[in-house]
Amino acid sequence: MLIASVAALFTWYQHAYLIERLAAPDSLNLWRAANVLLDGANPWAAQALNYAPSDSARGVFESRIRLAEPLYYPLPAVLLWVPFAKLPFLLASTLFNALAAFIFVFAMTREGLHRAWACGSVPFMVAMRFGQWSPLLAVAWIYPWLSTFLVAKPNLGLSLYLARPSRASTVICALAVVLPTLIAPWWVHDWLRNVQTDMGRTTPHPAPITMFAGAGVLCLLALSKWRRPEARLLAFMACVPQLPYWADQLPLFVIPRQRREMQMLMLATIVGFLCWSEFGRSDPSRDFIDSMRPFSVAFTYAPALLLILRRKNVGPLPAWLERKASTLPPAIRGNPA
């Protein structure tokens, strides 16, 4: 409750600060998209998000903000924002972040309160500042019955699902996609059009394995511990496009187990952010996100990989996969427990 309250205050201040300067938190896109959808319009259509939604916040200062990018989120993400749509934006975004922070801490601390150190990390604070989905993606990793959140951000959600699939997560994700599509099948075409034609041009989303002149492929060393779900998570996340702006890397905080591991990863992100502040911002002509890219990726994936490489290659597998694994060399096979 304390962390959720602090997150609410932080969100209110930060989002008000951004709006006063005509900058848009990511949650503004979803809030407007939910209002557009409730008004019977198509939120993936060009310019659809740049009109004053018909809600209690009509005419307030946030409506002056022009969103330069189309909607990149799928329909399930928009539907999850519908309960907040008719609230004024600042209140809606504050409630969304407070709930996300509460559920995130509740889930993370299931194995001990020391895991709450994740809330002191740069990825968590950036996720709160912009209203990102990443805290809820981490929750879905811990509680498969909340796997609906994986569909809200499918690039990262797919990697979390593949790293530890389950019957519950499969059914829930399928329902979260199929049921809305049966009602409004047109959204898939319009969403894919936005992602394929605009996303790479307006906001580059590189996969970490393609970065650092090819050195990013070292993230795949995590597969040497392939029996461990957290090792598969890091490897799969390194292979999917993501925004190198800290928040997308928050699910890596499910990897630390002990207090020192969690504190080490948290401090690594702070050191990375300070290094970027000192050295990465020296060229004012360079794109803001592009200058942060190597720091946000290196100071999250590298320490998380070190944690994984220190662990044994042990973990249970489905019976059919265990039979196939028995044919592998002992150095690769690992042990069930």
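The paragraphs below set out a description of the structure included in this document. Being a predicted model, the structure only gives us computed values, none of them experimental.

Scoring rules and cut-offs
Residues numbered from 1 in each chain as written. Predicted model: local features only at pLDDT ≥ 70, side-chain atom pairs only at ≥ 80, totals over all residues. Heavy atoms only, no water. Salt bridge = Lys/Arg side-chain N within 4 Å of Asp/Glu carboxyl O. Helix = DSSP H or I, 4+ residues; strand = E, 2+ residues; numbered from the N terminus. Buried < 20%, exposed > 50% of the residue type's maximum accessible area, 1.4 Å probe, protein only. Axes fitted to C-alpha atoms, helices over the stretch in contact; angles between N-to-C directions. Parallel < 35°, antiparallel > 145°, perpendicular 65-115°, else oblique. Left-handed = near helix turned anticlockwise from the far one by under 90°. Contact = heavy atoms within 4.5 Å. Nonpolar A, V, L, I, M, F, W, Y, C, P; charged D, E, K, R; others polar. Disulfide = S-S within 2.5 Å. Phe/Tyr/Trp six-rings, centres within 6.5 Å; stacked < 30°, edge-to-face > 60°. Lys NZ or Arg CZ within 6 Å of the ring centre and 35° of its normal. Core = buried A, V, L, I, M, F, W, Y, C linked by side-chain atoms within 4.5 Å. Polar contact = N/O pair within 3.5 Å; in protein donor to acceptor, adjacent residues only side chain to side chain. Arc of directions from axis to C-beta.

The final tally for this structure, using the stated rule, is nine salt bridges. Its salt-bridge partner being R227, residue E322 comes within 2.5 Å of it at the nearest N-O pair. With E322 in helix α14 (residues 319-325) and R227 in the loop between α10 (186-202) and α11 (229-238), this residue pair connects regions lying 95 residues apart in the sequence. Two residues, E230 and R228, come together in a salt bridge whose shortest N-O distance is 2.6 Å. For the residue pair E230 and R228, the accessibility class agrees, reading buried in each case. Each of R228, E230, R257, E261 and R311 takes part in one network of salt bridges that share partners.

Here we come to the environment of P256. Assignment of secondary structure puts P256 in the loop between α11 and α12 (259-280). Overall, the relative accessible area of 0% leaves P256 in the buried class. Between the alpha carbons of P256 and M266 there is a distance of 9.9 Å; along the sequence they are 10 residues apart.

Now for the packing of helix α6 (residues 134-142) against helix α8 (residues 154-163). The geometry of α6 relative to α8 is characterised by a closest axis approach of 10 Å and an angle of 15° between their N-to-C directions. Looking at the two axes, α6 sits roughly parallel to α8. Considering how the two elements wind past one another, α6 and α8 form a crossing that is right-handed. Listed contacts from α8 to L137, A138 and W141 of α6 are L156, L160 and A163. Within the contact of α6 with α8, the residues separate by chemical class into six nonpolar, no polar and no charged.

With the rule as written, the count across this model stands at zero disulfides. Cysteine C219 is unpaired, with the sulfur of C239 as its nearest cysteine sulfur at 8.4 Å.

Going through the model one piece at a time under the given rule, you end up with 14 aromatic pairs. Measuring from centroid to centroid gives 5.7 Å for W187 and W191, while their planes differ by 40°, and the two rings are tilted. Within this pair, W187 and its partner W191 are both found in helix α10, separated by four residues, close to a single helical turn. The same class applies to W187 and to W191, which are both buried. Through pairs of rings, three or more aromatic residues link up here, namely W44, W186, W187 and W191. Over the aromatic face of W141 sits the side chain of R164, whose NZ or CZ is 4.1 Å from the ring centroid.

Right, let's get into the nonpolar core. Counting residues in each nonpolar core, the largest one holds 81 residues, and the members touching the most others are W81, F104, W133 and L234. Contacts of F104, omitting those with residues within four sequence positions, involve A118, C119, F124, P135, A138, V139 and L250. L18, F130, L243 and F295 belong to the second-largest nonpolar core, a separate cluster that totals 12 residues.

Before going further, it helps to examine the side chain of H114. In this fold, H114 is placed in the loop between α4 (89-108) and α5 (122-130). Given the relative accessible area of 14%, H114 is considered buried. For H114, the side chain forms a polar contact with the main-chain oxygen of R257, separated by 2.6 Å. Those residues in contact with H114 that sit more than four places away from it in its chain are R257, Q258, R259 and M262.

The next thing to look at is α8. All of the buried residues in α8 are L156, G157, S159, L160 and A163. All buried residues of α8 project into a common sector of 160° when viewed along the axis, lining one side. Lining the buried residues of α8 we find α6, α7 (148-152) and α11.

This next bit is on the side chain of D190. Residue position: D190 is located in helix α10. Looking at D190, its side chain comes within polar contact range of the side chain of N42, at 2.7 Å. In this structure D190 touches N42 and W44, once residues within four positions along its chain are discounted.

Everything listed here is a matter of geometry and, on its own, says nothing about what the molecule does.
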